[in-house]
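# Examination of the molecular architecture
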Amino acid sequence: MFRTKRSVLVRRLWKSRAPGGGEGAEAEARDTHAHPGGAGTGTGGCCMGKAAKIARAAPGPPEAELKALKRLKERQLEALLQAVESRGGARTACLLLPAEARPQAALPLLLCRLFRWPDLRHSCELKRLSGCESHGKAEPELVCCNPHHLSRLCELESPPPPYSRYPMDFLKPTDPPDCVPSSTETGGTNYLAPEGLSDSQLLQETGDRSHWCVVAYWEEKTRVGRLYSVHEPSLDIFYDLPQGNGFCLGQLNSDNKSQLVQKVRSKIGYGIQLTKEVDGVWVYNRSSYPIFIKSATLDNPDSRTLLVHKVFPGFSIKAFDYEKAYSLQRPNDHEFTQQPWTGFTVQISFVKGWGQCYTRQFISSCPCWLEVIFNNR
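Residues numbered from 1 in each chain as written. Predicted model: local features only at pLDDT ≥ 70, side-chain atom pairs only at ≥ 80, totals over all residues. Heavy atoms only, no water.

### Describing the overall build of the protein
What counts is decided by this rule: The numbering of helices and of strands both runs from the N terminus, where a helix is a DSSP run of H or I of at least 4 residues and a strand a run of E of at least 2. Think of it in three bands: with a 1.4 Å probe and only protein chains considered, a residue is buried below 20% of the maximum accessible area for its type, exposed above 50%, and partly exposed in between. The contact criterion used is simple: two residues touch if any of their non-hydrogen atoms lie within 4.5 Å. Only the protein chains shown count as covering a residue, and every accessible area follows the Shrake-Rupley method with a 1.4 Å probe.
Scanning the protein from terminus to terminus reveals 10 helices and 19 strands. Expressed as a percentage of its 377 residues, the buried residues of the protein come to 54%. Of all intrachain contacts in the protein linking residues separated by at least 6 positions in sequence, the fraction that spans at least 24 positions is 70%. Split by element, the accessible area of the protein, about 17900 Å² in all, is 50% carbon and sulfur.

Take a look at the structure:
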């Protein structure tokens, strides 16, 4: 039977729709329960706590999603198919269409539900990525409907369970004395405290205002490569990205022969996107596995403990807030003024978490992790 090109595109798109859980999130949740020692245990602030429960009972895509596809023209279907089949790995154009008056019938919501998160309930759960033409526009006439130009907002648990608390000992080295990190960089720093005191001090002493942050990549206790200065508002940090332009971890020379490090390194994939926006610095998990984040500004300002937050694939989290960081310096607090302040750093581990309920107590025991040091000058 003869089929038009348009019907073939619709059929291919329909076959590419997301399974019962969004981007492997449900499978990850099942894996967490099946393997208590896996990447999903021992942390608080799980950004999919509610969503994972809903996903298990979520029905298949309703007729509204199929009707949404049939509303698109042939050229729009081609652009959508390219975005869906690349799974966000390729740079795809915005799919601009007239904005809907009814939020629940909005095409971006329907397409995100169809291709990424079947359990998605409302547009307020979504966040546009900075590279999208609709980013930052309150009420545009045309809105981008590319599902891979959107991320899902990470829900922070409040209050967090007591077991997930991580000591907020900014000012004291938390590694045992014999655990001394080193650098593979010739002439680099020989010692770096777990919270990045040496590198953050180095950044502040240079007085260079041209970059807004630097990124250090670590494998366990060894820093691999030099500090990567970030000048553009957005940075991709990845191991293998088809059209990657940014900090490619796969190009760094690593002497680490650990099987666990090599296994985790291969799972970094599309990695993360680090973006400086008006309200702070956002991290978008582009990979197929969860990442784990610790930041001074993610917790209650009066808290003396920090959480390690788990961020699932496809989710975004505001990892750093400048205003909170400045307020946390507490200039009149004698305890804080006597030691270097490290609240301007964020630590991110790929695949594996750390904390009190892990065999990995410190991030320097994680196979592959990043330290992001913000320029506060």
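### Topic: the pairing of strand β10 (residues 234-238)
Sheet faces and side chains relate simply in a regular strand, where the side chains alternate between the two faces. This is how it is decided: Strands pair, by our definition, only if DSSP identifies at least two bridges between them.
The buried fraction of β10 is high, at four of five residues. Examined bridge by bridge, β10 and strand β12 (residues 272-277) share four bridges and lie antiparallel to one another. Bridge assignment links Asp 236 to a residue of β12, and that residue is Gln 273. Taken together, the three bridges between β10 and strand β11 (residues 246-248) define a ladder with parallel strand orientation. Across the sheet, Ile 237 pairs through a bridge with Phe 247, a residue of β11.

### Brief notes about the sheet that holds strand β17 (residues 315-320)
Note the cut-off: What counts as an axis is a line fitted to C-alpha atoms, over the stretch in contact for a helix, and the angles between N-to-C directions run from 0 to 180 degrees.
Pairing is mixed across the open sheet formed by seven strands, whose spatial order is β2-β4-β17-β13-β12-β10-β11. Each of the sheet's edge strands pairs with one partner strand only, and the pair in question is β2 (126-128) and β11. The sheet shows a mean angle of 30° between the axes of neighbouring strands, direction not considered. When β12 meets strand β13 (residues 280-285), the two strands line up antiparallel, connected through six bridges. Note that in β13 the partner of Thr 275 across the bridge is Trp 282.

### Here's the deal with empty space enclosed by the protein
Here is the rule: A pocket, in this scheme, is an open set of points on a 1 Å grid over the protein atoms alone with protein on both sides within 12 Å along at least 5 of 7 lines, while a cavity is a set where a 1.4 Å probe fits but cannot get out; residues line either one if an atom lies within 4 Å of a point. Grid points are joined across faces, edges and corners, and a volume is the space filled by probe spheres set on the points.
Scanning the entire structure with this criterion turns up five cavities of 30 Å³ or more. The volume enclosed by the largest cavity comes to roughly 60 Å³. Lining the largest cavity are Lys 127, Arg 128, Leu 129, Ser 130, Ser 151, Gln 273, Thr 275, Glu 277, Trp 282, Tyr 284 and Ser 316. Listing elements by their share of the lining of the largest cavity, those giving two or more residues are β2, β12 and β13.

### Let's talk about the packing of helix α4 (residues 63-70) against helix α6 (residues 107-115)
The condition is simple: Each angle gets one of four labels, with under 35 degrees taken as roughly parallel, over 145 as roughly antiparallel, 65 to 115 as roughly perpendicular, and the rest as oblique. Handedness of each helix crossing follows the sense of rotation of the near helix against the far helix: counterclockwise by less than a right angle gives left-handed, clockwise gives right-handed. Here the term charged refers only to Asp, Glu, Lys and Arg, the term nonpolar to Ala, Val, Leu, Ile, Met, Phe, Trp, Tyr, Cys and Pro, and the term polar to all other amino acids, Gly among them.
Where α4 meets α6, the axes come as close as 9 Å, and the angle between the chain directions of the two elements is 115°. Of the possible angle classes, the one that applies to α4 and α6 is roughly perpendicular. Between α4 and α6 lies a crossing whose hand is left-handed. Where α4 abuts α6, its residues Ala 64, Glu 65, Ala 68 and Leu 69 lie against Leu 107, Leu 110, Leu 111, Arg 113, Leu 114 and Phe 115. Here the contact of α4 with α6 is built from residues that sort into eight nonpolar, no polar and two charged.

### Description of the packing of aromatic side chains
Stated precisely, the cut-off is as follows: Any pair of Phe, Tyr and Trp rings, taking the six-membered ring for Trp, is counted once the centres come within 6.5 Å. Such a pair is stacked with planes under 30 degrees apart, edge-to-face with planes over 60 apart, and tilted for the rest.
One pass over the structure, following the stated rule, counts eight aromatic pairs. Each ring, one from Phe 320 and one from Phe 344, has its centre 5.7 Å from the other, and the planes form 55°; the classification is tilted. Here Phe 344 lies in the loop between α10 (334-337) and β18 (345-350) and Phe 320 lies in strand β17, a separation of 24 residues in the sequence. Considering the side-chain rings of Phe 320 and Phe 374, the 4.1 Å spacing of their centres and the 15° angle between planes classify their relative orientation as stacked. Taken as a pair, Phe 320 in strand β17 and Phe 374 in strand β19 (residues 369-374) lie far apart in primary sequence, 54 residues in all. The two residues Phe 320 and Phe 374 agree in class, both being buried.

### Quick notes on the pattern of salt bridges
Operational definition: When a carboxyl oxygen of Asp or Glu lies within 4 Å of a side-chain nitrogen of Lys or Arg, that pair is called a salt bridge.
Scanning all chains against the criterion turns up nine salt bridges. Asp 321 is the salt-bridge partner of Lys 318, the closest N and O atoms lying 3.2 Å from each other. The structure contains a network of salt bridges with shared partners spanning Lys 5, Glu 74 and Glu 78.

### A word on the packing of helix α1 (residues 5-15) against helix α5 (residues 74-86)
Look at α1 against α5: their axes get within 10 Å of each other, and the N-to-C directions meet at 25°. Relative to α5, the element α1 is oriented roughly parallel. Handedness of the crossing formed by α1 with α5: left-handed. Packed against α1, whose contacting residues are Lys 5, Arg 6, Leu 9, Val 10, Arg 12 and Leu 13, the element α5 presents Glu 74, Leu 77, Glu 78, Leu 80, Leu 81, Val 84 and Glu 85 at the interface. Broken down by class, the residue content of the contact of α1 with α5 amounts to seven nonpolar, no polar and six charged.

Don't take any of this as a statement about function, it's just geometry.
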